[in-house]
Amino acid sequence: GNQENRATVYDNKIIDYINFILRSSDFEGCSVAQIAQLRQSIANLVISLIEENSPEAIIIAREVKDTLDKGALYRVMAECYEMQLNDGKEGGGLLRRILAKEDRKELMETVFDVGFSFYVILARLYDIDPLMGKKELRITDVQQKAFKLFKKNSMTIEIVKGDNLQRMHFRVKNKNVLRDEVKEKLKWNVDRNSSSTKIRDFMDWTKAILNDIHYQKKVLSNPVTITLTRFWLIWNHLATLVAVVLNVIMLI
């Protein structure tokens, strides 16, 4: 019991320090990359505190949820969203001039990763308390748009760990590369005779799935193949029509 109390006090001190950094807007002498690295480290720490769903870990997760500044989480996430939104636009001000000195593409990818990490924190907090948004939490339009953007570029998976159901949120850059046909084929053809064979067969399937994903990326990277695959039903009907016309000509 004393150990649990000490752990709770220690965690509270960590959260107080995290809240202080997240609320700060003045990082004098720090580059955008350094600020992004600091915020990513904070996000990783918070995720490690709240990601578990066991009876012991959920107590700490709820404590973190109650003491963490949700408004600050939304502000950091929205700031990353706005940096992405303003990238390449005229009139970006000081932020644009700073970004121009660095590798823009790599930096903006890092910024997006930071924003997504803070979205994962908020999504996990909503998993713990679905009514969190209705408890005196003021969300601006920009913050709401940022949350929807990161949600659109993410998916979830549920894993049974021990006797506890874990829900994991992860980023998906392109949801179109994993075809429904592949998912259905995996669903109905995995060997489920035992736990060991199920895992082993699933790992064997991952090679074929990854190869199909790489192939889909190549297809979707070419405008011509995109057109052909997007309107495949039209081409299919045209092929049928051509076959009918040829048969009619042969009959005549």
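Computed from a prediction, not measured in an experiment: that's the story for all the values here. (Residues numbered from 1 in each chain as written. Predicted model: local features only at pLDDT ≥ 70, side-chain atom pairs only at ≥ 80, totals over all residues. Heavy atoms only, no water.)

Asks: An account of the overall build of the chain is needed here, citing residue identities and associated values.
Replies: Of regular secondary structure, the chain possesses 11 helices and two strands. Counting from the amino terminus, helix and strand elements in the chain follow one another as α-α-α-α-α-α-α-β-β-α-α-α-α. The long-range share in the chain, meaning contacts at least 24 apart out of those at least 6 apart in sequence, stands at 65%. Carbon together with sulfur atoms contributes 57% to the accessible area of the chain, which is approximately 17400 Å² in total. (Helix = DSSP H or I, 4+ residues; strand = E, 2+ residues; numbered from the N terminus. Contact = heavy atoms within 4.5 Å. Areas by Shrake-Rupley, 256 points an atom, 1.4 Å probe, with all protein chains shown as cover.)

Asks: Can you tell me about the packing of helix 6 (residues 104-128) against helix 7 (residues 141-152), naming the residues and giving the values?
Replies: Viewed as axis vectors pointing N to C, helix 6 and helix 7 meet at an angle of 95°, and their least axial separation amounts to 10 Å. It follows from the interaxial angle that helix 6 and helix 7 lie roughly perpendicular. Touching F112, G115, F116, Y119, L122 and Y126 of helix 6 are F147, L149, F150 and K151, all from helix 7. Here the residues of the contact of helix 6 with helix 7 sort into eight nonpolar, one polar and one charged. (Axes fitted to C-alpha atoms, helices over the stretch in contact; angles between N-to-C directions. Parallel < 35°, antiparallel > 145°, perpendicular 65-115°, else oblique. Nonpolar A, V, L, I, M, F, W, Y, C, P; charged D, E, K, R; others polar.)

Asks: I'd love a proper account of helix 2 (residues 32-50), names of residues and values included.
Replies: A rise of 1.5 Å per residue sets the reference length of helix 2, with its 19 residues, at 27 Å; its end C-alpha atoms lie 27 Å apart and thus fit the reference within 8%. Along helix 2, the residues classified as buried are V32, I35, A36, R39, Q40, I42, A43, V46, I47, L49 and I50. (Expected span 1.5 Å × (residues − 1). Buried < 20%, exposed > 50% of the residue type's maximum accessible area, 1.4 Å probe, protein only.)

Asks: Describe the UniProt feature "transmembrane region" (unreviewed entry) in the chain, listing the residues and the values that go with them.
Replies: On the UniProt side, "transmembrane region" (unreviewed entry) is annotated at positions that read residues 231-251 here. Across residues 231-251, helical content stands at 95% and strand content at 0%; the span's end C-alpha atoms are separated by 31 Å. (UniProt positions renumbered as here; feature names shortened; annotations may be inferred.)

Asks: Now, about the pattern of salt bridges: what can you tell me, with residues and values included?
Replies: The tally for this structure, following the rule as stated, stands at 14 salt bridges. K65 serves as the salt-bridge partner of D66, at 2.9 Å between the closest nitrogen and oxygen. Note on K65: relative accessible area 10%, which makes it buried. When the shortest N-O distance is used, the salt bridge between D212 and R179 registers 2.8 Å. Residue D212 is located in helix 9 (residues 195-220), and its partner R179 is located in the loop between strand 2 (164-171) and helix 8 (180-189); the two are separated by 33 residues in the primary sequence. On the basis of relative accessible area, D212 is assigned to the buried category, the value being 15%. Counted as one network, the salt bridges with shared partners bring together E109, D113, R171 and K173. (Salt bridge = Lys/Arg side-chain N within 4 Å of Asp/Glu carboxyl O.)

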